[in-house]
2 protein chains.
Amino acid sequence: MKKFINSVDTLLDESLLGFAKAHADIIQLNSQPRFVKRIKSTSPGKVALISGGGSGHEPLHTGFVGVGMLDAACPGQIFTSPSPDQMLAAAEAVENGSGVLFIVKNYAGDVMNFEMAAEMLDYPTATVLVSDDVSLPKNHSIGRRGVAGTLIVEKIVGAAAEQGASLADCKALGDKLNLVTASMGVALTSCTVPAIGKPTFEIADNEMEMGVGIHGERGRETLPLATATEIVEHIANIIDTELKPEKGQQALLLVNGFGGTPLLELHLIYDLAAQFWEKQGINICRSLVGNYVTSLDMAGCSITLCLLDDEILRLWDAPVHTAALRW
Amino acid sequence: MKKFINSVDTLLDESLLGFAKAHADIIQLNSQPRFVKRIKSTSPGKVALISGGGSGHEPLHTGFVGVGMLDAACPGQIFTSPSPDQMLAAAEAVENGSGVLFIVKNYAGDVMNFEMAAEMLDYPTATVLVSDDVSLPKNHSIGRRGVAGTLIVEKIVGAAAEQGASLADCKALGDKLNLVTASMGVALTSCTVPAIGKPTFEIADNEMEMGVGIHGERGRETLPLATATEIVEHIANIIDTELKPEKGQQALLLVNGFGGTPLLELHLIYDLAAQFWEKQGINICRSLVGNYVTSLDMAGCSITLCLLDDEILRLWDAPVHTAALRW
């Protein structure tokens, strides 16, 4: 295993110290228990948005803490759920009179721990479960996974909360977004979890893993490596069948890298995906391309389409000031 | 070779189309010859800043075109200098009455082609050569290479140009910045140039390449893989010996990923590098951590220190609106 670390045991804490130091104008780190919160005070009565999950997906979620997005994020160990004490401490630190909205990616551990925290809190709470990964069937036993669409939910609900939306409205908006957002990923390599020290799976030089999540696990199927056009058509067709956008529909297109894929390739994928939907008369009016919801050093990417109405578009465009998203 | 491409021959153009589509609010692509220019018109009399170089370093340079930074960028093929006709066409498109400043990384091909363009242009021109890579000796036969410090020069001179600095002042500022900026890189793997199809060099699992540039080439020396603390101390000592910052000196610390290294590790490197200089009484008052000057999919990073005075600090903080840097 080749990584820039001192030891597997201290990696997360050392990295969080660096993150906090590099972004001291935006966030503050609490070490025991671990959470990151924004330093700008929020208007009284603003709903507090908290997310979290295993580390290894940076900049998700810590990089999305700041004005216009999250109030706090709770990082677990790599690919491991944070614990309820982190969520409780974060909630105590940022609750501001109108309750707490948890934004949770749909994984059993995360769901359970956020549920426990919600039960233990004395504040009103609500939870938005994100399950945008359409590589799994809708009726999958534990439901679909939350992947890159999570950042869209965090950005848009974050803007609504900033503008004074109530806890119930934030929850309703998040649930609505989850229904109009679909993602699917493809990987060329697995990733190396530091505590394990070798790639989670082996894959041949002429193969790709289609329908992967963000934990370096195997995907829906192993396929022969194809051209970028074929890969994009495969994924875009599945997303399109799910969301069934109509001609003239406005949409946000996100091409997300998993960490090991150059921007050069992500932009090429973006062009092909935009062409796919433009040919069908979909109006790709907003875009995001980059490494936002990663899987350590995995080479691969995901495509996400989010259908926009005027309200969602306005909230997407609203100012945001975080380490990883800023406009 | 596992990459998201259709063919080696069309990769660059397809990628540029995607980049232009994803950032149509900031830049515009000219395809023949290839350059990217900002779409916001500039104040009459603003010096035009143009950079360029081989592709494969994204977001450098195209991602730094926009208000507060570059007026145009000329992308060559991967790791290959752009040609003078690109620079001439870019200059014709963005020159605005006060001449053209070329910001050029010190590589023989880039230097020669920008020189040819400067000779052929009817506008006043000046060139800032960036040579921040201290892994090569100062008296190296072709001079030191320009690496991650280039983005600092582009940002700060870009701000000065935006605020009305003359061509001579922009040139003097760029030259001054080059003297107070030092970088050095380390790689854990090489990268795979698409036209070659395999990693540029092989390196053992227990080795690292110290003092690398940004073209996947071998570095100053191959060393046994060390801890992050040891790696940072090795690099920071060389930078420190070069710049000799005094106690109380303000500085910008940039930890730049080469493309294949997760943010988790880059933040850890940032923490260690900041500690190194803080212990010596240096005031690390600005930071940047991320993949900004990359080498395709190379796993590795570089550390850059830039000494700041009040003017440089003010220019660093000035607004910037590009695809890759925005505040």
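Thresholds, definitions, all that
- Residues numbered from 1 in each chain as written.
- Chains lettered and ligands numbered in written order.
- Predicted model: local features only at pLDDT ≥ 70, side-chain atom pairs only at ≥ 80, totals over all residues.
- Heavy atoms only, no water.
- Helix = DSSP H or I, 4+ residues; strand = E, 2+ residues; numbered from the N terminus.
- Rg over C-alpha atoms; globule rule 2.2 N^0.38 Å.
- Buried < 20%, exposed > 50% of the residue type's maximum accessible area, 1.4 Å probe, protein only.
- Contact = heavy atoms within 4.5 Å.
- Areas by Shrake-Rupley, 256 points an atom, 1.4 Å probe, with all protein chains shown as cover.
- Pairing = 2+ DSSP bridges.
- Least-squares fit on C-alpha atoms with pLDDT ≥ 70 in both.
- Patch = residues over 30% accessible without salt bridge, like charges linked within 9 Å, V, L, I, M, F, W, Y side chains within 5 Å.
- Salt bridge = Lys/Arg side-chain N within 4 Å of Asp/Glu carboxyl O.

K.L.:
How would you explain the overall build of chain A if you had to name every residue and give the values?
P.N.:
Along chain A, the regular secondary structure elements total eight helices and 14 strands. For a compact globule of 327 residues, the expected C-alpha radius of gyration is about 20 Å, and chain A comes in at 19 Å, within 12% of that figure. Expressed as lengths along the three principal axes of its C-alpha atoms, the size of chain A is roughly 50 × 50 × 40 Å. The buried share among the 327 residues of chain A stands at 63%. Within chain A, residue pairs in contact and separated by at least 24 positions form 73% of the contacts whose partners lie at least 6 positions apart. Here chain A has roughly 11300 Å² of accessible surface; of this, 52% comes from carbon and sulfur atoms.

K.L.:
Just give me the short version of the pairing of strand β3 (residues 48-55) of chain A, but keep the residues and values in it.
P.N.:
Residue and element names in this part refer to chain A. Where burial is concerned, most of β3 is hidden: eight out of the eight residues are buried. In the sheet, β3 pairs with strand β6 (residues 100-105) via four bridges, with the strands oriented parallel. Within the sheet, the bridge partner assigned to Leu49 lies in β6 and is Leu101. By the bridge criterion, six bridges tie β3 to strand β5 (residues 72-78) in an arrangement that is parallel.

K.L.:
Explain the relation of the copies chain B and chain A residue by residue, including any values.
P.N.:
The operation linking the two copies of the chain is a rotation about an axis combined with a translation along the axis. Each copy superposes on the other: chain B lies on chain A with an RMSD of 0.0 Å after a rotation of 180° and an axial shift of 0.0 Å. Here the copies are linked by what is in effect a two-fold axis. Among all residues of chain B, the one whose C-alpha sits closest to the rotation axis is Gly260 of chain B, at a distance of 2.2 Å. A share of 100% of interface residues in chain B that are also interface residues in chain A marks the association as one of identical surfaces.

K.L.:
Tell me about a nonpolar patch on the surface, residues and numbers included.
P.N.:
Residues and elements named next belong to chain A. On the surface, Met112, Met116 and Met120 cluster together into a nonpolar patch covering about 310 Å² of accessible area. Relative to the elements of secondary structure, Met112 occurs in helix α3 (residues 108-120). With relative accessibility at 47%, the residue Met112 sits in the partly exposed group.

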